[in-house]
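Each chain, written out:
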Amino acid sequence: SEMCIRDSLTTSIVQPLVDRGIPIVWTLHDYRQICPNTSFLSHGEICERCLPNRFWHVLLRRCKKESLPASLVAMLAACWERVTGVPGKISRFVTPSRFLAGKLVEAGFDSSRIVSIPNFVDPADFTGGEEGGYYLYFGRLSHEKGVDLLVRAAAKAGTEPLRVVGDGPAAGALRDLADRLGATHVRFDGYLSGDELRDALAGASFVVLPSRWYENLPFSIMEAFAMGKPVVATDIGGIPEMVEDGENGFLFPLGDVDALADRIERLLGDAGLRRRMGGRAREKAERLWNPETHYEQIAAVYDEVLDAHSPSCEGCQ
């Protein structure tokens, strides 16, 4: 038998499973095992001070919620996992991105216990529509998502409408920024879901993801590609595994507003380029991120783990 552990469960369940000979496959969705703040962010900026296994920095810098007690708890939890040898008791860690796998290896995790399997979307759920004369950001409105960089770039890139779909703690500040810059072509649509969000994506000329943090394998890019939309995104984290610069979108350096504005202008000014890039994006989603491929890859991991833990039948009659 096997057990799949989600990040939200306490690791106290690990030892009882090991004692009973039950292999564990753990799919990781953030960086909690190697960054007590889970995100490689400290006060809104990328930070790797805790890598490898220098977890006291989360306390010294009060990274977790900018709170001393919360940071202390995060540090102690990370240290306890190392003291009790949790990583060595996991049969396989599954990471959506190769980037996360690489960071685990940097932290001393056994590379033979790590396998990268992308998440999936069903391309059949995404049918592109006619361009609606706008480009799109959709996701959480918070500092690490870099939407303020996009608003500044949109102000430099002309007057083609930008739709910002989502909500979050930075929503008010972003509206104020657009007002100060005179960027009346930036439209804030708030939170959308279901058919409304799919329609917004279907009508977009392209999608922008200007993140300041190490995105793992963001669903927003997967969904944009499944819809046949090019993506402009920051060249950090797992994003370069998805967006191939000049092929299915553009990458730009972290925080570089001028470079972002340049990429936006290039796509806005070339409908043929958008179609070519969008076609390559759709092809990649169909080939790599479909449910069947994901199932085959994850089933192979489970089979391998179960075979390794099966009792030997040597000498059986």
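### Side note on the packing of aromatic side chains
Applying the stated criterion to the full structure yields nine aromatic pairs. Judged by centre distance (5.0 Å) and plane angle (15°), the rings of Tyr 135 and Phe 206 are stacked. Here Tyr 135 is found in strand β7 (residues 135-138), whereas its partner Phe 206 is found in the loop between α7 (194-202) and β10 (207-209), with 71 residues between them in sequence. Overall, the relative accessible area of 0% leaves Phe 206 in the buried class. Each member of the aromatic cluster is reached from another via a ring pair, and the members are Tyr 31, Phe 40, Phe 99, Trp 213 and Tyr 214. Seen from the ring of Tyr 134, Arg 163 lies directly overhead, with NZ or CZ sitting 4.9 Å from the centre. If you follow Arg 198 out to its NZ or CZ, it ends over the ring of Phe 126, 5.4 Å from the centre.

### Structural notes on helix α11 (residues 291-309)
In a regular helix each residue adds 1.5 Å, so 19 residues correspond to 27 Å; α11 covers 27 Å between its end C-alpha atoms and thus fits that length. Inspection of α11 places His 294, Ile 298, Ala 299, Val 301 and Val 305 among the buried residues, and these make up the whole buried set. Projected down its long axis, α11 carries its buried residues within an arc of 155°, all on one side. Exposed and oriented more than 90 degrees from the buried face of α11 are Glu 292, Glu 296 and Asp 307. Packed against the buried residues of α11 are β2 (24-27), β5 (92-95) and β6 (114-116). At the N-terminal end of α11, a side-chain oxygen is found 3.1 Å from the backbone nitrogen of Glu 292, two or three residues along, and the residue is Asn 290.

### Describing the packing of helix α5 (residues 147-156) against helix α6 (residues 171-181)
In contact at an axis separation of 10 Å, α5 and α6 are set at 20° when each is read in the N-to-C sense. Regarding the angle of α5 to α6, the classification is roughly parallel. The hand of the α5/α6 crossing is right-handed. Along its contact with α5, which presents Val 147, Asp 148, Val 151, Arg 152 and Ala 155, the element α6 presents Leu 174, Leu 177, Ala 178 and Leu 181. In the contact of α5 with α6, the residues fall into seven nonpolar, no polar and two charged.

### Here's the deal with the pairing of β2
Both faces of β2 are covered, namely the face carrying Ile 24 and Trp 26 and the face carrying Val 25 and Thr 27. Bridge count between β2 and β5: three bridges; the pairing is parallel. Note on β5: the bridge partner recorded for Trp 26 is Phe 93.

### Remarks on the packing of α5 against helix α9 (residues 257-268)
One way to put it is that α5 packs onto α9 with a least axis distance of 8 Å and a crossing angle of 60°. If you check the angle between α5 and α9, you find them oblique. Where α5 crosses over α9, the two elements pack in a sense that is right-handed. Residues Leu 149, Leu 150, Arg 152, Ala 153 and Lys 156 of α5 form the contact with α9, whose own contacting residues are Val 257, Asp 258, Leu 260, Ala 261, Ile 264 and Glu 265. A per-class count over the contact of α5 with α9 returns seven nonpolar, no polar and four charged.

Quick notes on the rules
- Residues numbered from 1 in each chain as written.
- Predicted model: local features only at pLDDT ≥ 70, side-chain atom pairs only at ≥ 80, totals over all residues.
- Heavy atoms only, no water.
- Phe/Tyr/Trp six-rings, centres within 6.5 Å; stacked < 30°, edge-to-face > 60°.
- Helix = DSSP H or I, 4+ residues; strand = E, 2+ residues; numbered from the N terminus.
- Buried < 20%, exposed > 50% of the residue type's maximum accessible area, 1.4 Å probe, protein only.
- Lys NZ or Arg CZ within 6 Å of the ring centre and 35° of its normal.
- Expected span 1.5 Å × (residues − 1).
- Arc of directions from axis to C-beta.
- Contact = heavy atoms within 4.5 Å.
- Polar contact = N/O pair within 3.5 Å; in protein donor to acceptor, adjacent residues only side chain to side chain.
- Axes fitted to C-alpha atoms, helices over the stretch in contact; angles between N-to-C directions.
- Parallel < 35°, antiparallel > 145°, perpendicular 65-115°, else oblique.
- Left-handed = near helix turned anticlockwise from the far one by under 90°.
- Nonpolar A, V, L, I, M, F, W, Y, C, P; charged D, E, K, R; others polar.
- Pairing = 2+ DSSP bridges.

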